[in-house]
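Fold and contact review
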Amino acid sequence: MFFERVKTAGLGHNAYILGCGEGLAVVVDPRRDVAEYLQIARENNLSIAYCIETHRQEDFEYGSASLAEITGAKILAGKHPLFGRADVRLGDGEEIKIGSTRLVALATPGHTPESMCYAVYPQDAGENCWGVFTGDTIFVGDTGRTDLSDREQTAENAGLLYDGVHQKLAPLGDQALILPAHGAGSACGGNISERDDSTIGIERGTNPVFKKSREAFMQQKASENLPRPPYFSHMEVVNLEAGRPLPAPVGDRVLSPSEFKNRMKEGMVIDTRSPEAFAGSHIHGSYNVWLKGLSAFGGWIADDKSSIFLIVDEPDQAPVAIASLARIGIDGVQGVLVKGVEAWREAGFPIEAFGTTSAEEASQWMKNRDILVLDVRDDMEWEEKHIPGAQHVFVGDLEANLQKLPKDRTIVAHCSVGHRSAVAMSILRRNGFTDIYNMLGGITAWEKLGLPLNKGAAN
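Figured I'd write up the structure that's included with this text. Positions within a chain are numbered from 1, following the residues in the order the chain's sequence is written. Confidence filtering applies because this is a predicted model: local features only for residues at pLDDT of at least 70, side-chain atom pairs given and counted only at 80 or more, and all residues used for totals across whole chains, interfaces and linings. Just so you know, side-chain values use all the structure's heavy atoms and leave hydrogens and water out.

The next point concerns the overall build of the protein. From N to C terminus, the protein includes 16 helices and 22 strands. Our radius of gyration is a C-alpha quantity, and the globule rule it is checked against amounts to 2.2 Å times the number of residues to the power 0.38. Taking 2.2 N^0.38 as the reference for a compact globule, 459 residues should give roughly 23 Å; the C-alpha atoms of the protein span a radius of gyration of 23 Å, in line with that estimate. When burial is assessed residue by residue, the protein has 57% of its 459 residues classed as buried. Counting only contacts in the protein whose residues sit at least 6 apart along the sequence, the fraction spanning at least 24 positions is 68%. Residue burial considers only the protein chains on display, and all accessible areas are found by Shrake-Rupley using a 1.4 Å probe. Split by element, the accessible area of the protein, about 18100 Å² in all, is 48% carbon and sulfur. When charges are counted, Lys and Arg are positive and Asp and Glu negative, with His and the chain ends excluded. The location of each charge is read from NZ of Lys, CZ of Arg, CG of Asp or CD of Glu. Of note, the protein has its 45 positive side-chain charges centred 2 Å away from the centre of its 62 negative side-chain charges. Secondary structure elements follow DSSP: runs of H or I no shorter than four residues count as helices, runs of E no shorter than two count as strands, and numbering proceeds from the N terminus. The cut-offs for exposure are 20% and 50% of the maximum accessible area for each residue type, with area from a 1.4 Å probe on protein chains only; residues under the lower value are buried, those over the upper are exposed, and the others partly exposed. Throughout, a residue-residue contact means that at least one pair of heavy atoms, one from each residue, lies within 4.5 Å.

Take a look at the structure:
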């Protein structure tokens, strides 16, 4: 039996290709750019027969429609109307045989109302479940967030998810592999393990959904306060149609420095270089979202109506950057400046810079200078631990809360290591803050130095 997990950097997304016997395969929860799935299928002499959707994803755009058009595959989903387009619909407990493999659909609402899991029974496994595609119902070490459909129903949704896991998934047996749609770094879970591999048996001994009572689990999920990126609402719409084709190739969008300078006023500039490079030199008014963070944080700055001009370090990074935005439904890239700000600088155009500091230096400044330490991590990270005296504004909410920050004080921004605080620094710079520093190394370096931390609930 052929099996491969295809991970998407920056999104914490997992898709799966499963060979079902007789040369047939299924692709589970495919992302929008489908070339990698097609290549894997070709290399292994597999014909993609079905694209399976576990739920209407909110954090990335589906590639089911594209795969169906290219390969003739059928889109398989549940019967809930939130799935939208589908060729084959299975209800709870219904099954389908593909090649020599049997798949059983299991309704597990809670993360979303339509959430489905699919238990896999290969021919040579007999009555034993080999694995289960769990979507966002259960992750390795965590479960899907339950606030997305209605924040007021977070606890009730958690109860539904708990029931689904215990009543539908647990009976599959401890040997069954857990095959979730996301891993660490996903916006759809709060504490997903770095591990990719797990079984129901392992989760039974480690995952809160098994370790806690139903009431305690509901309380835990109700206390989660995870940020909801604004692009999620757009994904809800486009995924009703199983996603859209990709935008045109990048080649005709590479601009010279002069062309870039003339056109960048038409929209926003996103610089994908590292925080250190951006701090040292950048174009006035540009945002800094590091390349690997574009899928996760580009949607906090841009939306599906934005005109975007990208800056990358190397030409081969341009298609990566465009794909990262396209995966979250943002297609408005109008032009790309390759070779970073180096090309801009060599053309004689003006650049700006701002300061960086270390955890050790920032701790000394707090003793001797009037500085504001700005923590831009999310609420759960802040509540777990934070620097005494720091002010907290999540980076995604920063532009809407600039009035809370003084322009006449030195601001030292930090996150975990320095990437999200670089986004924050670019937002501050765009809005007229000048005495600003990015604390590189973030709270990770701060803690390693044994510097003071408040742990537990925010004071």
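Within the fold, Ser 307 resides in the loop between α10 (294-301) and β14 (308-311). Looking at Ser 307, the relative accessible area reads 26%, which means it is partly exposed. Counting along the chain gives 188 residues from Ser 307 to Ala 119, while the straight-line C-alpha distance between them is 43 Å. If near-sequence neighbours (up to four positions away) are discounted, Ser 307 is found in contact with Glu 266, Gly 267, Met 268, Gly 332 and Gln 334.

The pairing criterion is simple: DSSP has to find at least two bridges between the two strands. Strand order in the open sheet formed by six strands is β1-β2-β3-β4-β5-β6, and the pairing between neighbours is mixed. Here the strands that pair on one side only, and so sit at the sheet edges, are β1 (3-8) and β6 (88-90). In this sheet, adjacent strand axes meet at a mean angle of 25° when their direction is disregarded. For helices, the axis comes from a line fit to the C-alpha atoms of the stretch in contact; other axes are also lines fit to C-alpha atoms, and the angle between any two N-to-C directions lies between 0 and 180 degrees.

Turning our eyes to something else, we now look at the packing of α10 against helix α11 (residues 318-326). Close contact between α10 and α11 brings their axes to 8 Å; oriented N to C, the two are set at 65°. With respect to the hand of their crossing, α10 and α11 are arranged in right-handed fashion. Counting all contacts with α10, which are made through Leu 294, Ser 295 and Gly 298, the residues of α11 involved are Ala 321, Ser 324 and Leu 325. For this scheme, ten residues count as nonpolar: Ala, Val, Leu, Ile, Met, Phe, Trp, Tyr, Cys and Pro. Four count as charged, namely Asp, Glu, Lys and Arg, and the remainder, Gly too, count as polar. A breakdown of the residues in the contact of α10 with α11 according to their chemical character gives three nonpolar, three polar and no charged. Each crossing gets its hand from how the near helix is turned against the far one by less than a right angle, where anticlockwise is left-handed and clockwise is right-handed.

So, on to the side chain of Ser 363. Within the secondary structure layout, Ser 363 lies in helix α13 (residues 359-368). What makes Ser 363 buried here is its relative accessible area of 8%. Among the polar contacts made by the side chain of Ser 363, one reaches the main-chain carbonyl oxygen of Glu 360 at a distance of 2.6 Å. Those residues within four positions of Ser 363 in sequence are excluded, and the remaining contacts are Trp 446 and Leu 451. Here a polar contact is recorded for every N or O atom pair within 3.5 Å, except that within protein the pair must consist of a potential hydrogen donor and a potential acceptor, and residues adjacent in sequence are included only if both atoms are side-chain atoms.

Direction vectors running N to C along helix α3 (residues 154-169) and helix α6 (residues 214-223) enclose 135°, while the axes themselves pass 8 Å from each other. The angle between α3 and α6 falls in the class oblique. The interaxial crossing formed by α3 with α6 has right-handed handedness. Every residue of α6 that contacts α3 at Thr 154, Ala 155, Glu 156, Ala 158, Gly 159, Leu 160, Leu 161, Tyr 162 and Asp 163 is listed here: Arg 214, Phe 217, Met 218, Lys 221 and Ala 222. Our angle categories are set so that under 35 degrees counts as roughly parallel, over 145 as roughly antiparallel, 65 to 115 as roughly perpendicular, and the remainder as oblique.

By size, the foremost hydrophobic cluster in this structure holds 53 residues, and its most contacted members are Ile 308, Leu 310, Leu 374, Leu 398 and Leu 428. Broken down by element, this core gets its largest block of residues, five residues, from helix α15 (residues 419-430). In this structure Leu 374 touches Gln 391, Val 393, Leu 398, Leu 405, Ile 411, Val 412, Ala 413, His 414 and Leu 428, once residues within four positions along its chain are discounted. For our purposes a nonpolar core is just a set of buried Ala, Val, Leu, Ile, Met, Phe, Trp, Tyr and Cys residues, chained together by side-chain atoms within 4.5 Å.

Another aspect to go through is the pairing of strand β12 (residues 268-271). Because side chains alternate across β12, one face comprises the buried residues Met 268 and Ile 270, and the other comprises Val 269 and Asp 271, equally buried. As defined by bridge partners, β12 adjoins β14 across four bridges and the pair is classed as parallel. Within the sheet, the bridge partner assigned to Ile 270 lies in β14 and is Leu 310. Pairing of β12 with strand β13 (residues 287-288) involves two bridges; the strand directions are parallel. If you follow Asp 271 over to β13, its bridge partner there is Asn 288. Call a crossover right-handed when, viewed with both strands pointing away from you, the route from the first strand across the helix to the second goes clockwise. Viewed along the sheet, the connection from β12 through helix α9 (residues 275-280) into β13 turns out right-handed.

Okay, the pairing of strand β17 (residues 371-375) next. Looking down a regular strand, the side chains alternate between one sheet face and the other. Of all the five residues making up β17, five are buried; the element is thus mostly covered by neighbouring parts of the structure. Relative to strand β20 (residues 410-414), β17 runs parallel, the two sharing five bridges. Counted as the bridge partner of Leu 374 is Ala 413 from β20. Two elements, β17 and strand β19 (residues 391-392), share two bridges in a ladder whose sense is parallel. Bridging from a neighbouring strand, Leu 374 pairs with Gln 391 of β19.

These results come straight from atomic positions and should not be treated as a statement about function.
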